Amino acid sequence: MKPNFNTFTFSGTNTAEIVIKEPVRSITLHALELEIKNVVLDESVYANQNYPFEGRTIKPIEISYDKKLQTVTFDFGVDLYVGKAKLKMEFTGKLNNQLHGFYRTSYKVVDKKHWGASTQFEATDARRAFPCWDEPDKKVRFHTTLIVPKHMAALSNMPVDVTIQPTGDEYRKMVCFKPTPPMSTYLAAFVVADLEYIEATDKNGVLIRVYTTPGKKEHGKFALDVALHTLPYYADYYKTPYPLPKLDLVAIPDFGSGAMENWGLEIFRETALLVDEKNSSASARERVADVVDHELAHHWFGNLVTMKWWTHLWLNEGFANFVEMLGVAAQFPAWKRRVRFVAEDLVGALHDMDKPSSHPIEVDVNDPAEIREIFDTTTYSGGGSVNRMIEHYLGNEFPKGITKYLDCFKYGNAATEDLWKILGKSSGKPVSDIMGPYTRQAGYPVIFTEEGSRNGKSILKLEQMRFLMDGSIDETYPLWNVPIGVMTPATVENPKFMYMKGRRMTIPRTTKWVKLNAGQSGLYRVAYSPRMWDRLTDAVRAGEIPEIDRIGLLDDAFALARAGYVSIWSALGLLDAHRNERETYVWAMLAGKLNGVASLVRDEDPEAMLAEYARKFFKPLVERVGWDKKPGEGNLEAILRGVALSNLGAYGDEEIIAEARKRLDAFIASGTLDPDIRQTVYTIVAQNATDEDFEKLMKVYDSTDMHEEKVRVLRAIAHVRRPELIRRVLNLSLSLKVRSQDTPIVLSVMAGNDSARRTEWEFIMENWGTLLTRGGGLGWISRVVRGVTEGFKDRSDLARVEAFFKTHSMPGLDRAMQISLQMIKSNMKWLNRNLRDVESWLTDTRVPLPASEQVSAPHELR
Ligand SMILES: [Zn+2]
């Protein structure tokens, strides 16, 4: 491959060793936006190998492209001989600026703009760089050669074998890499740029380097430490050595997703790899640890053993999502990474998988756009949560089974059922029966729970049904085998576990509170009777329920209130019982739930009362955590401070707003501001911004070269509330000031801004064509379209959104559009059902609803 940075093109040759199995006349490969010429099929190399011919070289009589199928076909006009052959192709392509295939990236070297090139092939874009059979089960050994300007670094999956001087080209060098093991095309990678690096060898002798553009290599130290810890940690966890001799982690200024696990050459956006000791926040550090450990996990799950087809993408992503938690938790125990998994991944999965149009974890996909669309929360966090559930079920047998699976399928491909079979065989437990329904059918169950008695004994009656967020019911939907962990005051430390196999089940009951799904180890919700909710609320107030279970109760309560299975009074009562809460992730959950209600009652009667309630709710927390770091504080305290201040500020506390302005001014004047509160300060200023405030924030944006700082400002200004500033931020998001990779950040953060929703939606409709070319594909557009539209709650908005979707439907977006419409309708229903109750609850939070108005199961449990 030879990139040309003057013309933004590249040229290359590809020689594929193939086996022709039957006498065909043509050969078809994947190729997209490539011009292919000088194609030769060389059958002579393998002459005399059992075939009745002397060998020959032939050229196609016609080369034809199919844009829709993204293929090229070479028609040779005669039957090809059965047997081995070499297919040689020369091709040229564009070094595009769209963050996929082989694409260009820009950076500064001593204030001068330079160009480099990087790759992003997953899922189906290797075909934009070279003609190939671009499917995960077509594994081959790559022998890569890059011809690049002499002063530039050239990286690929394997170490350099030899560098030579091409004849007649003084300006370039030819870098030949060692051959890779058999691997899928989407994992091939090249980077060509001005780079510097730091390096170290892990305890198993693997050379790890962190590469950055000039001037930033010191910011790679934290990531290097993380990799040095976790690469050997995984080798030990998987009981399988890291399969390659080296590992490079490269930060590239333009990168569409967070990072990519190319074998031996991981590529990251800068915010996912670089930490500046002076200016990075605690959450930025956590993000880097997460992403590095996530990509490292893939070298086994994904790279060594690859999914057979994209239907089983979750085997890659769900596993990496789960194992990244193990890696981070092992290195940074104080961060409570396992709790964060529940608060973010498990809860995220429950909300992504609860729509009538949600897809199953294993999902049929064909079109590249459909494949792109499933890189989503269900695949990552849903898959991760399913792994967490099976780990809980199997205990130590889980990693043992994983080792067997890796050994059985290494350098090959596997499907979901292969994993269940091996885990089942090695543990002796019915893994397929339990896990199969969770990955094959969309959604997850809700367990309705009611107290009763039978033969004079107190019992709990349980009944399962698919949970749908809008409360719709499908009694014919297949059931799950659900792990039921039962927690009572006596079993908090050691809950009892059993499996629910049919629709109904009864278990013995104690008189005090009972909480199911102990430790939130299962992927399901639990709906209790009103009396049981009351007892659980009292238990929360008394500090008897563990942290993870409090998070689970809160999320269940508000989701069930939306579906109509619990009153909004019960949900708000549970929230209110947390006034003495200490834990960061419970506070984050409380804030999220309150924001959700605030967004729904915006422009309605209770809006001001709710804001007042919220200010009272957060004020004591702010008084406790304060603005300034205390000696000996860790990440959790820093993150909690952000939650406290940003919420009190968002609900309009004047003191907080004034202090945020003061701190921004001081930062601009003196350059000092604790990185852990910068996001909060910028955001509060942006929410209340005058033109002058806005200019100050843009000054911070313009005067830094640190990507994390730029993103902080972009996230903040997505919160502006004045109409003219909203327009300004929207226009900025598509301007040259914002890298294409960061457009999605602005638009998706603004999607949560209630003041901006209508304007942003208009902007998206106006700029639809442009947006389709930004940020590296459709994946982010479906997220943004969903994010913006699913907050609407008016009939007129619903009609406008519906009309737009009708004329702009396309593969890769259709599901997001359906889900949006389902959400808008559910918002309207929520308002109808809950608006008056929210108001009355805020008026007097003490008076309980009359029993006749309480809601629970859709029918009497039997
Ligand atoms: Zn991944």
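Scroll up for the structure.
Our subject in this report is the structure included herewith. Remember, predicted model here, so these are calculated numbers, not experimental data.

### Re the packing of aromatic side chains
(1) Moving on: The final tally for this structure, using the stated rule, is 45 aromatic pairs.
(2) Moving on: Summarising the aromatic geometry, the rings of Y613 and W841 are spaced 5.2 Å apart at their centres and angled 70 degrees between planes, so their arrangement reads as edge-to-face. Residue Y613 is found in helix α14 (residues 607-625), and its partner W841 is found in helix α26 (residues 814-843); the two are separated by 228 residues along the sequence. Each member of the pair, Y613 together with W841, is buried.
(3) Moving on: Within the aromatic cluster, the residues linked to one another by ring pairs are Y233, Y234, Y237, Y238, Y242, W300, F301, F319, F322, F398, Y405 and F409.
(4) Moving on: Geometry around W115 places R104 over its ring, the cationic atom sitting 5.5 Å from the centre.
(5) Moving on: Looking at R466, its charged tip hangs above the ring of Y477, at a distance of 4.6 Å from the centre.

### Focus: the coordination of the zinc ion
(1) Moving on: For the zinc ion, the full set of protein donor atoms is H294 (NE2), H298 (NE2) and E317 (OE), at a range of 2.0 to 2.1 Å.
(2) Moving on: Read in sequence order, the donor residues coordinating the zinc ion give the pattern H-x3-H-x18-E. Separated by four residues within a single helix, H294 and H298 lie in helix α2 (residues 282-298), roughly one turn from each other. Take H294 and H298: they sit in the same class, and that class is buried.

### Re unusual backbone geometry
(1) Moving on: Residue A123 follows E122 across a cis peptide bond; omega there is 5 degrees.
(2) Moving on: Looking at the element boundaries, A123 is found in the loop between β10 (112-120) and β11 (145-149).
(3) Moving on: Positive phi, close to 50 degrees, is recorded for F8, a residue that is not glycine.
(4) Moving on: With respect to the helices and strands, the residue F8 is situated in the loop between β1 (2-4) and β2 (9-20).
(5) Moving on: In this structure, K239 is a non-glycine residue whose phi angle is positive, near 50 degrees.
(6) Moving on: Take K239: it is sitting in the loop between α1 (221-237) and β18 (246-252).

### Things to note about the sheet that holds strand β20 (residues 265-269)
(1) Moving on: Read across the sheet, five strands follow the order β16-β17-β18-β20-β19 without closing on themselves; strand pairing throughout is mixed. Edge positions in the sheet fall to β16 (196-201) and β19 (259-260), since each has one partner strand and no second.
(2) Moving on: Two strands pair when backbone bridges link them, and β19 and β20 are joined in this way by two bridges, in the antiparallel orientation. The residue bridging M260 from the neighbouring strand is I267, located in β20.
(3) Moving on: Relative to β20, α2 is tilted by about 150 degrees, and along the sheet it contacts β18, β19 and β20.

### Notes on the side chain of T230
(1) Moving on: Within the element layout of this structure, T230 appears in helix α1.
(2) Moving on: On the accessibility criterion, T230 (0% relative accessible area) is buried.
(3) Moving on: Within the structure, the side chain of T230 is placed 2.9 Å from the side chain of D293, a separation counted as a polar contact.
(4) Moving on: When near neighbours in sequence (up to four residues on either side) are disregarded, T230 contacts D293, L296, G327 and Q331.

### Focus on helix α18 (residues 691-702)
(1) Moving on: The first and last C-alpha atoms of α18 sit 16 Å apart over twelve residues, in line with the 16 Å expected at 1.5 Å per residue.
(2) Moving on: Where α18 is buried, its residues contact α16 (654-670), α17 (675-687), α19 (707-717) and α20 (723-733).

### A word on the packing of helix α22 (residues 757-766) against helix α24 (residues 778-789)
(1) Moving on: Two numbers describe how α22 lies on α24: the axes approach to 9 Å, and their chain directions differ by 145 degrees. α22 and α24 meet at a crossing whose hand is left-handed. Residues R757, E760, W761 and I764 of α22 touch α24, and the partners they reach there are V784, V785, V788 and T789.
(2) Moving on: In the contact of α22 with α24, the residues fall into five nonpolar, one polar and two charged.

### Some points on the packing of α18 against α20
(1) Moving on: Where α18 contacts α20, the axes come no closer than 12 Å and their chain directions differ by 25 degrees. When the axis of α18 is compared with that of α20, the two are roughly parallel. Handedness of the crossing formed by α18 with α20: right-handed. For the pair formed by α18 and α20, the contact residues are D691, F694, E695 and M698 on the first element and L725, R728, V729 and L732 on the second.
(2) Moving on: Here the contact of α18 with α20 is composed, by residue class, of five nonpolar, no polar and three charged.

What counts and how
Residues numbered from 1 in each chain as written. Predicted model: local features only at pLDDT ≥ 70, side-chain atom pairs only at ≥ 80, totals over all residues. Heavy atoms only, no water. Phe/Tyr/Trp six-rings, centres within 6.5 Å; stacked < 30°, edge-to-face > 60°. Helix = DSSP H or I, 4+ residues; strand = E, 2+ residues; numbered from the N terminus. Buried < 20%, exposed > 50% of the residue type's maximum accessible area, 1.4 Å probe, protein only. Lys NZ or Arg CZ within 6 Å of the ring centre and 35° of its normal. Donors = N, O, S within 2.8 Å, 3.2 Å for Na, K, Ca; no water. Pairing = 2+ DSSP bridges. Contact = heavy atoms within 4.5 Å. Axes fitted to C-alpha atoms, helices over the stretch in contact; angles between N-to-C directions. Polar contact = N/O pair within 3.5 Å; in protein donor to acceptor, adjacent residues only side chain to side chain. Expected span 1.5 Å × (residues − 1). Left-handed = near helix turned anticlockwise from the far one by under 90°. Nonpolar A, V, L, I, M, F, W, Y, C, P; charged D, E, K, R; others polar. Parallel < 35°, antiparallel > 145°, perpendicular 65-115°, else oblique.

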